[in-house]
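Notes for the structure review
Okay, here's what each chain looks like letter by letter:
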Amino acid sequence: MPMPVPLIERYAARLPVTAKTPRLTLGEGGTPLVRAPGLERETGIAEVWLKIEGANPTGSFKDRGMVMAVAKAVESKATAVLCASTGNTAASAAAYAARASLRCAVILPAGYVAVGKLVQAIAFGAHVVAVKGTFDDALRVVREVGASEDVTIVNSINPYRIDGQKTAAFEIVETFGDAPDALFIPVGNAGNITAYWRGFTEAAADGLAKKRPVMYGFQAEGAAPIVRGAPVEHPETLATAIRIGTPASWQTALAARDESGGAIEAVSDEQIVEAYAFLARVEGVFCEPASAASVAGLRALAQAGRLRGRDRVVCVLTGNGLKDPERARTLAGEVLEVEPSGVAVREAIA
Ligand SMILES: *Cc1c(COP(=O)(O)O)cnc(C)c1O
């Protein structure tokens, strides 16, 4: 096996990396692209691929951007980083800050962070603060505190985040030798759809890809400001990672949609949970609920006959299923407890 190359080093020429940028790494990027035969059978699409971003060091794609943001913070002699988060940004910021010996504070919406993400931020030693409000409230507070304190904000309003995240598009292009026909992706704060579009655009401009994919983004029905064309004051969805009412990268998400000839649409929580269970039970891939919005969208568009001629598509699975164990528990009833005998077990699994 070749020596692992840090993401920052591997894509140095395509990132705002200088000789002074520390080559910070926890092994981010280089995530698996896995074929999804169950979805191919169901949709009739020749090739459906899953980009498993839950395989990143802290279990979500946030690590790609966070490694850049924290490395640049170190380069600029910062001593502390701050972010608002629905959970995964917090877990990622806390990990890379620990690695880089920076202080880290994370501001979360109280009661709406999946337990796996919360315990990561705690384990990595971040200051964890919950505000009585939504993610949008938390981000507003972070902007306010960031303006007066000597801290670096590492939300996706930090441009290095988007730069780091675009590397996922390069990886996909490298694998296929071209861009796929279409990309399906969950949309929350809209940084990731922005990042992928930038990555695919740069890959095409440099001749690494002959085309750019059609971009299909999916918001949860109860948190779909881009679909509705207006902020959502009280966003609601069980997919907490995309429970966002005023996306920071709204305009660039619209640009990705329009320049690619794609769409940003809403999927219901029911469709999200169905896709989530399908991925786990048919494909053997356990992602978090927000991630399954991409596959829920794929299924809906395929069923509506809107994907003819799209022969190779990629669904981005943004985070690991273990992030939200409580949601997984709801997929089945209680675990049976029986006497330790063959008779009892055979009866229980009959
Ligand atoms: C952050 C996140 C999203 C949403 O990404 P945006 O860049 O905010 O649109 C989706 N899924 C998971 C698991 C996330 O952590």
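For clarity, every value in this text was computed on a predicted model and none was experimentally measured. (Residues numbered from 1 in each chain as written. Predicted model: local features only at pLDDT ≥ 70, side-chain atom pairs only at ≥ 80, totals over all residues. Heavy atoms only, no water.)

**Details of unusual backbone geometry**
- You will see that serine 101, though not glycine, has its phi angle at about 60°, which is positive.
- Tracing the chain through its elements places serine 101 in the loop between helix 4 (88–99) and strand 4 (103–109).
- Classification of serine 101 by relative accessible area gives exposed; the value is 66%.
- At alanine 190, a residue that is not glycine, the phi angle is positive and equals roughly 75°.
- Along the chain, alanine 190 falls in the loop between strand 7 (182–186) and helix 9 (191–205). (Helix = DSSP H or I, 4+ residues; strand = E, 2+ residues; numbered from the N terminus. Buried < 20%, exposed > 50% of the residue type's maximum accessible area, 1.4 Å probe, protein only.)

**A short note on the pattern of salt bridges**
- A complete count under the given rule lists 22 salt bridges for this structure.
- The residue glutamate 47 makes a salt bridge to arginine 312 at a minimum N-O spacing of 2.8 Å. Taken together, the residues span a long stretch of sequence, with glutamate 47 in strand 2 (residues 47–52) and arginine 312 in strand 10 (residues 312–317) at a distance of 265 residues.
- Through salt bridges with shared partners, a single ionic network connects Lys51, Glu53, Arg64 and Glu171. (Salt bridge = Lys/Arg side-chain N within 4 Å of Asp/Glu carboxyl O.)

**Brief notes about the pairing of strand 4**
- Across the seven residues of strand 4, six count as buried, placing the element largely inside the fold.
- Pairing geometry for strand 3 (residues 80–84) and strand 4, over five bridges, is parallel. Note on strand 4: the bridge partner recorded for cysteine 83 is valine 106.
- Considered for its hand, the β-α-β crossover made up of strand 3, helix 4 and strand 4 is right-handed.
- In terms of strand pairing, strand 4 meets strand 5 (residues 127–131) through five bridges, oriented parallel. The residue bridging isoleucine 107 from the neighbouring strand is valine 129, located in strand 5.
- In the classification by handedness, the crossover that spans strand 4, the intervening helix 5 (residues 115–123) and the parallel strand 5 is right-handed. (Pairing = 2+ DSSP bridges. Right-handed = clockwise from strand over helix to strand, strands pointing away.)

**Observations concerning the sheet that holds strand 8 (residues 214–220)**
- In space, the six strands of this open sheet follow the order 1-2-10-7-8-9, with mixed pairing throughout. The sheet terminates laterally at strand 1 (33–35) and strand 9 (263–267), the two strands that pair on one side only. Going from strand to strand, the sheet's axes swing by 25° on average, the running direction of each strand aside.
- Inspection of the sheet shows strand 8 paired to strand 9 by five bridges, in the parallel sense. By the bridge assignment, tyrosine 216 is partnered in strand 9 with alanine 263.
- Set on the sheet, helix 8 (residues 167–176) makes contact with strand 1, strand 2, strand 7 and strand 10; between it and strand 2 the angle comes to about 140°. (Axes fitted to C-alpha atoms, helices over the stretch in contact; angles between N-to-C directions. Contact = heavy atoms within 4.5 Å.)

**Some thoughts on the site of the ligand**
- Around the ligand, the surrounding shell holds 16 residues, and the nearest of these are Lys62, Asn88, Asn189, Asn192 and Thr318.
- Separating an oxygen atom of the ligand from a backbone N or O atom of asparagine 192 is a distance of 2.8 Å.
- Here a nitrogen atom of the ligand sits 2.7 Å away from a polar atom, N or O, in the side chain of threonine 318.
- For the ligand, the protein covers 96% of the area, taking 380 Å² as the surface of the free molecule. (Near = heavy atom within 4 Å. Polar contact = N/O pair within 3.5 Å; in protein donor to acceptor, adjacent residues only side chain to side chain. Areas by Shrake-Rupley, 256 points an atom, 1.4 Å probe, with all protein chains shown as cover.)

**Comments concerning the sheet that holds strand 4**
- Reading across the sheet, the four strands line up as 5-4-3-6 and stay open at both edges, with parallel pairing between neighbours. Strands with a single pairing partner mark the edges of an open sheet, and in this sheet they are strand 5 and strand 6 (152–153).

**Comments concerning the environment of threonine 240**
- Topologically, threonine 240 is positioned in the loop between helix 10 (225–228) and helix 11 (250–260).
- Between the C-alpha atoms of threonine 240 and glutamate 149, which are 91 residues apart in sequence, the distance is 29 Å.
- Residues contacting threonine 240, with those up to four places away along its chain left out, are Thr86, Tyr112, Ala114 and Lys117.

**Quick word on the packing of helix 3 (residues 62–75) against helix 4**
- Two elements in contact, helix 3 and helix 4, have axes whose closest approach is 9 Å; the angle formed by their N-to-C orientations is 45°. Comparing their axes, helix 4 and helix 3 come out oblique. Judged by the twist between their axes, the crossing of helix 3 over helix 4 is right-handed. Residues Lys62, Asp63, Met66, Val67 and Val70 of helix 3 form the contact with helix 4, whose own contacting residues are Asn88, Thr89, Ser92, Ala93, Tyr96 and Ala97. (Parallel < 35°, antiparallel > 145°, perpendicular 65-115°, else oblique. Left-handed = near helix turned anticlockwise from the far one by under 90°.)

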